[in-house]
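# Chain and residue survey
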Amino acid sequence: AEDGTYLIDPDDHYISAKRLRVIDYTGLEGLGYFWQIVLKAVLPSVGLQAIELLNAMHFYFAPRIKPQERDKIRQEHVNKCLGYLETALAADPTRDKNRIVVKRMIMLLKQFLESFVKQSEGTNHDNLIEIEIQPDKEFRTKHYVEVCKLTETFGSLRRKILHHLLSLNSGLIVD
């Protein structure tokens, strides 16, 4: 819309935050823009969608980003949120703007921290995809479905397929 109230035009492409994977955080542009939307959006749905995307950009990483770098990025994200929360709490609490910022920072932190709980409990099924494997008829096996994490590499998928085909004793020889 012309007034900038929509984060993503409903008629345009929709980005599911749970499908997002950051490949190069240092080359990521627009984070400041998302923070401004979280802090200033008038419509609650826009603010919530920006929170979801902002959290995803600090939680879901491609395998090439090292765990230490992920931890540092996540820590900076939480510290930035706590800074905005502290500023809003120190300001006039009767102003709607400050109350909105406090509520949104609490929502952002809650959602972000809950992502770690889901990940550690293994309940984050949004991170899984099913891939239908259709082996050549020479292997004499039916199509089957392989479940993979979104962060797995093609090499990992290839090893899973190879392991499945080897278990069929189909005469496949691997060097």
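Use the structure listed above.
Residues numbered from 1 in each chain as written. Predicted model: local features only at pLDDT ≥ 70, side-chain atom pairs only at ≥ 80, totals over all residues. Heavy atoms only, no water.

## Thoughts on the pairing of strand S2 (residues 144-149)
Because side chains alternate across S2, one face comprises the buried residues Tyr144, Glu146 and Cys148, and the other comprises Val145, Val147 and Lys149, none of which is buried. Both strand S1 (residues 128-133) and S2 contribute to a ladder of six bridges, which runs antiparallel. Bridge pairing links Glu132 to Val145 in S2. (Buried < 20%, exposed > 50% of the residue type's maximum accessible area, 1.4 Å probe, protein only. Helix = DSSP H or I, 4+ residues; strand = E, 2+ residues; numbered from the N terminus. Pairing = 2+ DSSP bridges.)

## Overview of the environment of Arg104
If you trace the backbone, Arg104 turns up in helix H4 (residues 96-121). Given the relative accessible area of 5%, Arg104 is considered buried. Counting along the chain gives 53 residues from Arg104 to Ile51, while the straight-line C-alpha distance between them is 7.8 Å. Not counting residues within four places of it along the chain, the set of residues in contact with Arg104 comprises Ile37, Val38, Leu39, Lys40, Ala41, Val42, Leu43, Pro44, Gly47 and Ile51. (Contact = heavy atoms within 4.5 Å.)

## Some details on the packing of aromatic side chains
In total, this model carries four aromatic pairs according to the counting rule given. Measuring from ring centre to ring centre gives 6.1 Å for Tyr33 and Phe34, while their planes differ by 70°; the resulting arrangement is edge-to-face. Looking at Phe34, the relative accessible area reads 16%, which means it is buried. A ring pair is formed by Phe59 and Phe112, whose centres lie 6.1 Å apart and whose planes are at 85°; its orientation type is edge-to-face. One end of the pair, Phe59, is in helix H2 (residues 44-59); the other, Phe112, is in helix H4, with 53 residues separating them in the sequence. Here Phe59 and Phe112 have matching classes, each one buried. Clustering of aromatic rings is evident, with ring pairs tying together Phe59, Tyr60 and Phe112. (Phe/Tyr/Trp six-rings, centres within 6.5 Å; stacked < 30°, edge-to-face > 60°.)

## Description of the nonpolar core
If you look at the biggest cluster of nonpolar residues, it comprises 32 residues, and the most contacted ones within it are Leu54, Met57 and Met105. When residues of this core are traced back to their parent elements, those giving at least two are helix H1 (31-40), H2, helix H3 (67-90) and H4. It is H2 that provides the largest number of residues to this core, a total of eight residues. Dropping the residues within four chain positions of it, Met57 is found in contact with Leu20, Val22, Tyr25, Leu28, Leu31 and Phe34. (Core = buried A, V, L, I, M, F, W, Y, C linked by side-chain atoms within 4.5 Å.)

## Comments concerning helix H5 (residues 154-166)
Three or four residues apart is the spacing at which side chains of an α-helix point the same way, because the helix has 3.6 residues per turn. The end-to-end C-alpha distance of H5 is 18 Å, a good match for the 18 Å that 13 residues give at a rise of 1.5 Å each. Buried residues of H5: Gly155, Ser156, Leu157 and Leu165, and no others. Next to the buried residues of H5 lie S1 and S2. (Expected span 1.5 Å × (residues − 1).)

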